[in-house]
Amino acid sequence: MTFLTDRRRLLAAGAASFVAAPLIARAQSPWPNKPLRILCAFPAGGITDAYARAYGDYIAQKSGQTVIVENRLGAGGGIAAQALKSAPDDGHTLMITISSTMLGNRVMFKNLPYDPDKDFSFLAIMSTGHLPLVVHKSTGARTLAEFVDYARKNRVSFGSYAAGSFAHIVGAELNRRFNLDMTIVHYRGEAPMWQDLLTGNSQVAMGSYTACKGVLDAGAGVAVAVPTSQRMKTLPDVATYAEQGVSDKVFDLLSWAGFFGKASMPPEMVQQISDLMVEAGKTERIQRLTATFGIDEAARDHRYFRHIYETQGPIWLDHVNRLGITPS
């Protein structure tokens, strides 16, 4: 599959934006006009599921329709993507998933039963939070440079929450850039990864602020860098990679979740749903949710989503390809 830029769809959506109106006010073809399904590609308890339920509840309140969240797990989000692709062309099935479903899966799997570039409409994008690089207190490091110096002199285990993940990419890039030999260990999610860092079985890990907070609060770990263009509000004393002289674009990638519809969704419906998601992101409930997860902003619209996908997607793919993963 190639990484395509669907300019015609963007232009059509822009031309149709003037017809967008409040959800209930539209006289023709109101949406939703029957129960709505949101397919969540990941299990309950994480940020993706929390987003699905919070944004889904807002749609239900605005429309008076039932919104059902279905957790469709497996294949790095591929099961949910297949289900959306096969859903009726009526705009009443949406999906929320993360970047790996659309990008990393191209490398992780030999044959994808869906085309990320052609099978879906991009509706709204939400940050899943910045992923601090956290080192164990035994390293004595307080900055990235101090950790690199430690890693040159000691055996280091680098915790990654999944093969092909952003953490995997960053660990591999740190090895390459600084000529390190860290062993990258892939866990089945963040919980066991942070437990190993907490007990000193690993020396560094990278993951969500919410999941690593217990390690930081216990004093077992120290955040030494964040992959953002600006410092995190929740970790204001932790410098970005760029501030520490590491300016490669891979360290500034956005870790995101996104709402998708089928490719057949009309441009005016894309615009309407996109506007609704942005509106929902301004509510007190979702503002509290993002703050809990250490996230600095809520939903952005479909145009911004496309922009991120088209500009950052090739960087993701290039670095995932460098990992040398054997596809299954």
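A quick note: this is a predicted structure, and the numbers were derived from the prediction, not measured.

## Quick word on the sheet that holds strand 6 (residues 157-160)
Here is step 1 of the chain: The strand order 7-6-8-5-9 describes an open sheet built from 5 strands, whose pairing is mixed. If you trace the sheet from one side to the other, it starts and ends with strand 7 (183-186) and strand 9 (221-225), each paired once. In this sheet, adjacent strand axes meet at a mean angle of 30° when their direction is disregarded.
Here is step 2 of the chain: In the packing of helix 8 (residues 190-198) onto the sheet, the strands contacted are strand 5 (133-136), strand 6 and strand 8 (204-206), and the crossing angle to strand 8 comes to about 150°.

## Overview of the nonpolar core
Here is step 1 of the chain: Among the nonpolar cores identified, the biggest contains 57 residues, and Leu133 and Trp256 are the most heavily contacted of them.
Here is step 2 of the chain: Per-element accounting of this core gives the leading share, 7 residues, to helix 12 (residues 302-322).
Here is step 3 of the chain: Once residues within four sequence positions are removed from consideration, Leu133 is found in contact with Leu144, Phe158, Leu174, Val204, Ala205, Met206, Val222, Ala223, Val224, Ala225 and Tyr241.
Here is step 4 of the chain: Core analysis: the second largest hydrophobic core is formed by 34 residues, Trp31, Ile38, Phe259 and Ala299 among them.

## Details of the packing of aromatic side chains
Here is step 1 of the chain: Within the structure shown, the criterion is met by 12 aromatic pairs.
Here is step 2 of the chain: Between Phe120 and Phe260, the ring centres sit 6.2 Å apart and the planes meet at 70°, which makes this aromatic pair edge-to-face. With a gap of 140 residues between them, Phe120 in strand 4 (residues 120-127) and Phe260 in strand 10 (residues 256-262) connect regions that are remote in the sequence.
Here is step 3 of the chain: Owing to a relative accessible area of 0%, Phe120 belongs among the buried residues under this scheme.
Here is step 4 of the chain: Exposure remark for Phe260: the relative accessible area of 0% places this residue in the buried category.

## Observations regarding helix 3 (residues 78-86)
Here is step 1 of the chain: Every buried residue belonging to helix 3 is among Gly78, Ala80, Ala81, Ala83 and Leu84, and all of these are buried.
Here is step 2 of the chain: Where the residues of helix 3 are buried, they touch strand 1 (36-40), strand 3 (93-98), helix 4 (99-102), helix 5 (105-108), strand 4 and strand 10.

The rules we used
- Residues numbered from 1 in each chain as written.
- Predicted model: local features only at pLDDT ≥ 70, side-chain atom pairs only at ≥ 80, totals over all residues.
- Heavy atoms only, no water.
- Pairing = 2+ DSSP bridges.
- Helix = DSSP H or I, 4+ residues; strand = E, 2+ residues; numbered from the N terminus.
- Axes fitted to C-alpha atoms, helices over the stretch in contact; angles between N-to-C directions.
- Contact = heavy atoms within 4.5 Å.
- Core = buried A, V, L, I, M, F, W, Y, C linked by side-chain atoms within 4.5 Å.
- Buried < 20%, exposed > 50% of the residue type's maximum accessible area, 1.4 Å probe, protein only.
- Phe/Tyr/Trp six-rings, centres within 6.5 Å; stacked < 30°, edge-to-face > 60°.

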